[in-house]
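Residues per chain, in single letters:
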Amino acid sequence: MAITPEEVRRVANLARIAFTDQELEPFAAQLSAILDYVRQLDDLDLGGVEPTAHVHDAVNAFREDEVRPSPGQDAMLANAPDREDGCFRVQKVIET
Amino acid sequence: MIPDLLDRTARQLRELLDRGEVTSEELVRAYLDRIAAVDPGVNAFITVAGDLALEMARTADARIRRGEAAPLTGIPLGLKDLLVTRGLRTTCGSRMLAEFVPPYDGTVVARLRDAGAVLLGKLNMDEFAMGSSNETSAFGPVRNPWDPDRVPGGSSGGSAAAVAAREVVAALGSDTGGSIRQPAALCGVVGLKPTYGRVSRYGLVAFASSLDQIGPLTRDVADAALLLTAISGKDPLDATSLDRPVPDYAARLRADPRGLRVGVPREYFVDGLDPEVEAAVRGAIGLLEDNGAEVVEVSLPHTEYAVATYYLIAPAEASSNLARYDGVKYGLRVAGRDLADTYRKTRAQGFGAEVKRRIMLGTYALSAGYYDAYYLRAQRVRTLIARDFRAAFERVDVLACPATPTPAFRLGEKAGDPLQMYLNDIFTIPANLAGLPAVSVPCGLTSGGLPIGLQFMAAPFGEQTLLDAAHAYERVRGEPVAYPDPASTA
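Small disclaimer: the values here were computed from a predicted structure and weren't measured.

The rules behind each value
Residues numbered from 1 in each chain as written. Chains lettered and ligands numbered in written order. Predicted model: local features only at pLDDT ≥ 70, side-chain atom pairs only at ≥ 80, totals over all residues. Heavy atoms only, no water. 1 Å grid on protein atoms, 1.4 Å probe; cavity = no way out; pocket = protein on both sides within 12 Å on 5 of 7 lines; lining within 4 Å. Points joined across faces, edges and corners; volume = space filled by probe spheres on them. Domains from an automatic or database assignment. Helix = DSSP H or I, 4+ residues; strand = E, 2+ residues; numbered from the N terminus. Phe/Tyr/Trp six-rings, centres within 6.5 Å; stacked < 30°, edge-to-face > 60°. Lys NZ or Arg CZ within 6 Å of the ring centre and 35° of its normal. Contact = heavy atoms within 4.5 Å. Buried area = accessible area lost by both parts, 1.4 Å probe. Salt bridge = Lys/Arg side-chain N within 4 Å of Asp/Glu carboxyl O. Polar contact = N/O pair within 3.5 Å; in protein donor to acceptor, adjacent residues only side chain to side chain. Nonpolar A, V, L, I, M, F, W, Y, C, P; charged D, E, K, R; others polar.

Here we take up empty space enclosed by the protein. Tallied over the entire structure, the rule returns two cavities of 30 Å³ or more. Of the pockets and cavities examined, the largest cavity occupies roughly 60 Å³. Forming the walls of the largest cavity are 14 residues, and the residues nearest its centre are B:Ala129, B:Gly131, B:Ser179, B:Tyr310 and B:Asp425. Here the lining of the largest cavity spans two domains, and each of domain 1 (7–263 + 395–488) and domain 2 (304–380) of chain B adds at least three residues to it. Size it by volume and the second largest cavity reaches roughly 40 Å³. Every residue along the wall of the second largest cavity is listed here: A:Val38, A:Arg39, A:Leu41, A:Asp42, B:Leu312, B:Ala373, B:Tyr374 and B:Arg377. Here the lining of the second largest cavity gets three residues from one element, more than from any other, and that element is helix α12 (residues 372–392) of chain B.

Okay, structure coming up:
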């Protein structure tokens with residue numbers, strides 16, 4: 001199944017990755033080849049087969065809700081590309 | 001200096017350290033010298049933590065003198081650079097995290113620190129563990145210590161190469177579709193992927209959360225058993241880790257193949273399997289049989305669908321896991337005209353081509369209208385693959401097969417064709433899909449002098465049986481015929 005450059009552009013927008021037009025073309029061809037390969041799964045009759053949700057059928061893992069120490073604000077902000085007053089700083093999202 | 005010090009296993013070094021015949025500091029200096037001599041050629045390390053290692057070694061020596069040594073106290077190890085280490089840069093082989101210094105230790109790292117192990121540094125890898133050749137690393141490819149023109153495998157290529165080149169005693173890697181076993185096979189070392197849920201993944205940078213598992217790469221099976229005991233067990237910080245007893249795997253190892261039921265899956269001996277690899281693996285299985293193992297042919301009929309299943313599930317999970325790299329909380333930021341544009345530019349420049357390819361594939365497979373046809377279908381096929389294994393393990397204790405279809409290929413040979421690269425994982429992927437423990441053990445060299453890996457797989461939480469089989473094979477095989485000798489620049 002051929003994926004068009006337009007479809008790749010749509011997915012790139014969902015994935016929030018910028019591509020140049022020159023990059024899109026080979027990506028479309030590669031994605032098409034991979035999707036052609038995975039189409040072999042269509043050969044199987046999967047009627048009545050449950051999808052695997054967890055490989056060992058584990059169920060919810062509960063623990064007590066206890067206060068525990070954490071690395072703290074400074075440590076957690078230390079890798080921030082931009083910070084101000086104990087917050088991550090980003091560009092304005094809502095236009096006024 | 002003690003002769004062949006760099007060839008010793010962790011258990012042999014334990015005796016030397018406890019008897020005071022060598023100190024951890026001497027050992028670490030010997031390894032740092034070795035790294036300085038060969039790593040410019042091998043490129044197994046992204047970060048060498050020399051000062052930290054010497055400090056940890058001196059602390060370990062004091063602990064040994066007090067008679068309080070644990071099995072790994074003072075032993076120099078390396079960590080794949082996706083295990084977060086407090087205060088020590090953790091890059092994931094990516095430009096995105098090139099400057100990232102984690103504020104905490106992953107659980108396996110904390111356990112190794114508590115055991116007194118020494119961390120020599122962080123090891124090279126395919127970017128975000130996506131690759132089978134280590135060529136997708138933003139820090140340059142690793143070269144196979146057996147032949148510098150060939151790949152070490154991936155994604156834990158730095159871990160495998162560092163063990164093979166005697167730059168570390170042992171290393172930890174991670175395995176999502178073969179990323180421990182495939183490079184172990186290509187570099188001639190032992191690589192163990194534990195059962196899904198055996199080892200905590202808290203502090204493992206996530207790739208595909210239903211498949212990822214941390215495990216050791218070592219000189220021999222008993223060292224793998226030793227490290228497995230050190231890192232296993234339930235962790236309240238990882239809800240997917242399971243509460244099962246953690247035996248002293250190394251102490252309980254059996255070396256006798258008599259009575260062991262070994263299944264040989266016929267679907268793993270197919271077109272495309274290198275004749276020398278097939279001959280070596282069949283020879284190894286024959287050797288077990290000659291020594292008393294019971295060998296039977298079994299069938300895992302859905303094997304041919306495993307790669308397609310994996311390349312839907314893993315990219316889908318990756319596309320979700322890697323959404324966190326947005327240039328806000330940590331990592332690279334490339335400023336755009338607004339926040340959405342900043343996301344796009346950050347991810348365009350921070351990620352390499354293979355990571356983008358998988359995010360795109362996963363995003364496509366999960367997008368509106370395609371979920372049922374791709375992701376959900378793959379999860380159903382996964383159920384069939386797991387059922388094949390359950391049926392097989394009603395008849396046999398372990399399965400034995402090749403770890404990879406070919407020995408190490410040349411740098412650049414498959415880099416331009418993603419699908420050819422993916423097919424290299426054909427024999428390792430099924431164990432991840434079914435959550436099984438599996439190990440690759442060296443079983444000889446090709447006529448061109450490249451290592452070949454024999455893979456064993458066992459039922460979930462069957463690590464002891466798995467390691468017993470691998471250890472029994474190792475004993476009947478004898479010592480490896482040769483060690484690699486990467487060019488020294490010193």
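Moving on, we get to the packing of aromatic side chains. All names here are of chain B. Tallying each qualifying case throughout the model produces 15 aromatic pairs over all chains. Here the aromatic residues Phe 100, Phe 128, Tyr 325, Tyr 330 and Phe 351 are joined through ring pairs into a cluster of three or more. Sitting over the face of the ring of Phe 461, Arg 244 holds its NZ or CZ atom 4.2 Å from the ring centroid. Here Lys 414 stacks its cationic end above the ring of Phe 409, 4.4 Å away from the centre of that ring.

For the rest of this paragraph, the subject is the interface of chain B and chain A. Contact residues are listed per partner, giving 64 residues for chain B and 53 residues for chain A. Of the roughly 5,100 Å² buried where chain B meets chain A, counting both sides, 68% is carbon and sulfur surface. It is B:Arg344, B:Met360 and B:Tyr364 that lose the most area in chain B upon contact with chain A, and together they represent 14% of the buried surface on that side. Linking chain B with chain A are one salt bridge, by the criterion used here. Put simply, A:Asp42 and B:Arg377 hold a salt bridge, and the shortest N to O gap is 3.7 Å. For the pair chain B and chain A, the interface holds 17 residue pairs in polar contact (both at pLDDT 80 or more). Put simply, the parts of the chain that give the side of chain B that touches chain A at least two residues each are α9 (306–321), α10 (339–350), α11 (353–366), α12, α13 (418–423) and α14 (429–434) of chain B. By residue number, the principal contributor to the side of chain B that touches chain A is α12(B), which donates 11 residues. When its residues are assigned to classes, the side of chain B that touches chain A shows 36 nonpolar, 12 polar and 16 charged.

This is a description of form; function is not addressed.
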